[in-house]
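What follows is each chain in one-letter form.
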Amino acid sequence: YNAEDGYYKTSPYDPIKIKNVPLHEYVWRDFKKWENSTAAVCVITDRQYTYAQLRDASAAFAVRLQTKFKLFKPDILAICLPNMPEYPIAALGAIEAGLAVTTINPIYTPDEISRQLTFSNAKFLVGSVPGYAALREACQLAGKQIPIAVVRSSETELLPAGAIDFFELISTENVRYDELCPPKDATPDDMVFLPFSSGTTGLPKGVVLSHNNISSNCEQIEDALPIDSLQFQDTLPAVLPFFHIYGLTVVMLSKLGKGARLATLPAFKPDDFIKALDTYKGSILNLVPPIALFMINHPKLTKDLASALRVVMSGAAPIGQNDVERFLQKFPNTRFMQGYGMTEASPVILMTPEGNTRYASTGVLPGSTEAKIVPLDATDLKGVGARMTGELCVRGPQVMSGYLNNPEANELTFFPGKWLRTGDVAFFDEDGYFYITDRMKELIKVKGFQVPPAELEAVLRDHPKILEAAVFGIPHELNGEAPRAIVVLRQNETATAEEIAAYVAERVAHYKKLEGGVIFVDEVPKNPTGKILRKDLKEKYSD
Ligand code: AYL
């Protein structure tokens, strides 16, 4: 307790050490220990890289970004790739060249991609062969001429016309490593990643994460993991997309720092996923609740098939306590952990500790992290004590400096004293375990992915027949939530729900579809200043 903050919680762990080194150096810090072991293998094609190969390829890419393309700090490189072994080469190579990386969802439509290219002002793109046409179209929409390097999934796959061969850029032949110029005036507080998140309100915004933000979070994760839960050459089926902060930090960067073997999957497909557990002997697994449900319910995926699996960690969306119990009944030799966090915090804010059995809790604060619970109707910003609910606010070395070029959003997102507002409702118990009970922000989560209502509302408003629209989430058994729209048509217009849903589906990535349906109404409930009353929406139109 203190006079300014009221009650607040500190971490049960020792403080972490801030590393103050560039992120690629941090990730490669112990690389000698496992240089000849596999760093990443593709579950579909079996192509693979050892740690030495991965590191050399990244360095070669860094050299060529600088010498061939004249890219230097503070330029931004965009990666729009499904998970594959080359993903970390592109990311860590760009970072070694002194660039920052913005990560784009590879299933985005050209329109969605073009918006992120515009916001981030990216100067170089790395994409896949199947994704190349969409990238070209996105560049056109954004009015940009950006070089596009394309990763072929094999030496025999053809390079599309106009694309640069990524394999040439990472070739270690004839590369002069001494030509690499370390970025001038670099500091570990410089931006290293620019993922996008809608935060508590509005459209997606660029989240500025620094070298120290990410390496701190990796340290925090590592300290909070039970001793035997991450061993050298543990295999991690990497099915959570690397473009999202969960896949990026928790799966890719933190595990490459520890000598794990990433078994990459470009998408979630039942047979490939089972192959990663069975043939590739997946031993630790980060997942989102729908994948846990899949594992519980799929008859082919037996305990014996997953016999190598020691640790499972779920995050990015709530999972029911009974689902955790059902999971453990089917896979009794697997430890089940949970994590909670957000893009704005690199992402981990809470993790269940060693030996946890409180399955309704998302855990305790990792090292050097503090939290307070601010009552929703508070006039001051003082934290309340155990078992009182309110908005969870956090601070720590993993928290972003802010959104890129967006002082208004930053003003809304931080309380004085650098407290990040999570927009989640929570309480902590007597032992410092936190429980997330609700989400007060407008964000919808489908399979752990962000679906910002404001984005769908903008798409709907562009429809010639629509006057006004509002979007909110309704519960969905498998995906967690589904977006539902209420729509006001223009005078004398008629439309069907299917027609509106199809219009949206054409323009957004498939998980953002109006799976929760479309309801026609006479007006959208708003407050006197014209803000949509989202609580009313949920109450009135959720049935
Ligand atoms: P973003 N339980 C309930 N809600 C959650 C949880 C959880 N375990 N984790 C995330 N959320 C919701 O930026 C919550 O509303 O980051 C939060 O504000 O896409 C929002 O999702 C943030 O969404 C891990 C593994 C953290 C994953 C993550 C979350 C990354 C998602 C720690 O170990």
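Criteria and thresholds
- Residues numbered from 1 in each chain as written.
- Predicted model: local features only at pLDDT ≥ 70, side-chain atom pairs only at ≥ 80, totals over all residues.
- Heavy atoms only, no water.
- Helix = DSSP H or I, 4+ residues; strand = E, 2+ residues; numbered from the N terminus.
- Rg over C-alpha atoms; globule rule 2.2 N^0.38 Å.
- Buried < 20%, exposed > 50% of the residue type's maximum accessible area, 1.4 Å probe, protein only.
- Near = heavy atom within 4 Å.
- Polar contact = N/O pair within 3.5 Å; in protein donor to acceptor, adjacent residues only side chain to side chain.
- Areas by Shrake-Rupley, 256 points an atom, 1.4 Å probe, with all protein chains shown as cover.
- Nonpolar A, V, L, I, M, F, W, Y, C, P; charged D, E, K, R; others polar.
- pLDDT = per-residue confidence, 0-100.
- Core = buried A, V, L, I, M, F, W, Y, C linked by side-chain atoms within 4.5 Å.
- Contact = heavy atoms within 4.5 Å.

Caption draft 1: Region of interest: the overall build of the protein. Check the secondary structure of the protein and you find 15 helices and 28 strands. The C-alpha atoms of the protein give a radius of gyration of 23 Å, which matches the 24 Å a tight globule of 543 residues would have. Dimensions of the protein along its principal axes, counting C-alpha atoms only, are 65 × 55 × 55 Å. Counting the 543 residues in the protein, one finds 59% classified as buried.

Caption draft 2: Quick look at the site of the ligand. In the vicinity of the ligand there are 22 residues, among which G339, T343, D424, K441 and K445 approach most closely. The side chain of R439 places a nitrogen or oxygen atom 3.0 Å from an oxygen atom of the ligand. The contact in question runs from an oxygen atom of the ligand to an N or O atom on the side chain of Q450, over 3.0 Å. Within the complex, the protein chains bury 99% of what would otherwise be the 660 Å² of accessible surface of the ligand. Examining the composition of the shell around the ligand, we find that 4 residues originate from one element, strand β16 (residues 335-341), more than from any other. Looking at the shell around the ligand residue by residue, the class counts come to 9 nonpolar, 9 polar and 4 charged.

Caption draft 3: Broad picture of the confidence of the model for the protein. Summary statistics for the protein give a mean pLDDT of 96 and a share of 100% for residues scoring 70 or more. Scored as a whole, the predicted complex attains pTM 0.97, and scored at its interfaces, ipTM 0.99.

Caption draft 4: Region of the structure containing the nonpolar core. One finds F61, L117, F193, L253, F273 and M295 to be the most contacted residues of the largest nonpolar core, which totals 164 residues. Take this core: its biggest share by element is 8 residues, from helix α8 (residues 245-256). Excluding anything up to four places from it in sequence, F61 contacts L77, I89, A90, G93, A94, F124, V126, F166, L169 and I170. Residues I474, V524, I532 and Y541 belong to the second largest nonpolar core, which totals 11 residues.

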